[in-house]
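Understanding the architecture of this molecule
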Amino acid sequence: MQDRGLDSHWDRRLKSGALQPELTLDLHGHNLDAAYDRLMSGIAQARAMGVRTILLVTGKPRPVEAADRGERRGAIRAKVLDWLAASSHHSAIAAVRRAHQRHGGDGALYIVLKRER
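Right, let's walk through the structure included here. As the structure is a prediction and not an experimental result, all values here were calculated from the model.

1. Description of the overall build of the chain
A tally of helices and strands in the chain yields three helices and four strands. Counting over 117 residues, the chain shows a buried share of 43%. Long-range contacts, defined as pairs at least 24 residues apart, comprise 67% of the intrachain contacts of the chain with a sequence gap of at least 6. By element, 46% of the accessible surface of the chain is carried by carbon and sulfur atoms, the whole surface being about 6,800 Å².

As structure tokens, then:
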């Protein structure tokens, strides 16, 4: 997925934790199929509501072999970027960034959606 970048105002707010996500999607504890379905339906819901910032809770990534990512801890986090890139929502995503510590740090991501025109 190509990150189109954010202006410095957005990047500063994300890095400082000043941004308050408008929607939270918690995938932690789901299996891969349920996590994928929740992510796709959550982004569709966010777009329908005009939400720009989503906090995606995935759980912390774990250093595991690629072949083991289907069942081990960190499997969801390992798949999220691929899921987003291959989804019908990819063109609506402006950026994906690591969440500030107050919003979950390594266990979460911010998804910033483009403004709908």
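2. Digging into helix H1 (residues 8–16)
All of the buried residues in H1 are Trp10, Asp11 and Leu14. One side of H1 holds all its buried residues, which, seen down the axis, span an arc of 95°. The inward-facing, buried residues of H1 contact strand E2 (53–57), strand E3 (93–98) and strand E4 (108–113). At the C-terminal side of H1, Gly17 shows a positive phi close to 80°.

3. A look at the pairing of E4
Among the six residues that make up E4, six are buried, leaving the element largely enclosed by the rest of the structure. Of the pairings in the sheet, the one linking E2 to E4 comprises five bridges and is antiparallel in character. Within the sheet, the bridge partner assigned to Val57 lies in E4 and is Ala108. Alignment of E3 against E4, held across five bridges, turns out to be antiparallel.

4. Overview of the pattern of salt bridges
Here the structure, examined in full by the defined rule, presents one salt bridge. The partner of Asp106 in a salt bridge is Arg98, with the nearest N and O atoms 2.6 Å apart. Judged by relative accessible area, Asp106 falls into the partly exposed class, the value being 37%.

5. Concerning the packing of aromatic side chains
With the rule as written, the count across this model stands at one aromatic pair. Between Tyr36 and Trp83, the aromatic rings sit 5.4 Å apart at their centres with planes inclined by 80°, giving edge-to-face as the arrangement. With a gap of 47 residues between them, Tyr36 in helix H2 (residues 32–49) and Trp83 in helix H3 (residues 75–86) connect regions that are remote in the sequence.

6. Observations regarding the sheet that holds strand E1 (residues 23–26)
If you walk across this open sheet you meet the four strands as E1-E2-E4-E3, and the pairing is mixed. Across the chains shown, the open sheet's two edge strands, defined by having one partner strand only, are E1 and E3. Neighbour-to-neighbour, the strand axes of this sheet turn through a mean angle of 20°, independent of strand direction. Here E1 pairs with E2 via four bridges, running parallel.

Analysis parameters
Residues numbered from 1 in each chain as written. Predicted model: local features only at pLDDT ≥ 70, side-chain atom pairs only at ≥ 80, totals over all residues. Heavy atoms only, no water. Helix = DSSP H or I, 4+ residues; strand = E, 2+ residues; numbered from the N terminus. Buried < 20%, exposed > 50% of the residue type's maximum accessible area, 1.4 Å probe, protein only. Contact = heavy atoms within 4.5 Å. Areas by Shrake-Rupley, 256 points an atom, 1.4 Å probe, with all protein chains shown as cover. Arc of directions from axis to C-beta. Pairing = 2+ DSSP bridges. Salt bridge = Lys/Arg side-chain N within 4 Å of Asp/Glu carboxyl O. Phe/Tyr/Trp six-rings, centres within 6.5 Å; stacked < 30°, edge-to-face > 60°. Axes fitted to C-alpha atoms, helices over the stretch in contact; angles between N-to-C directions.

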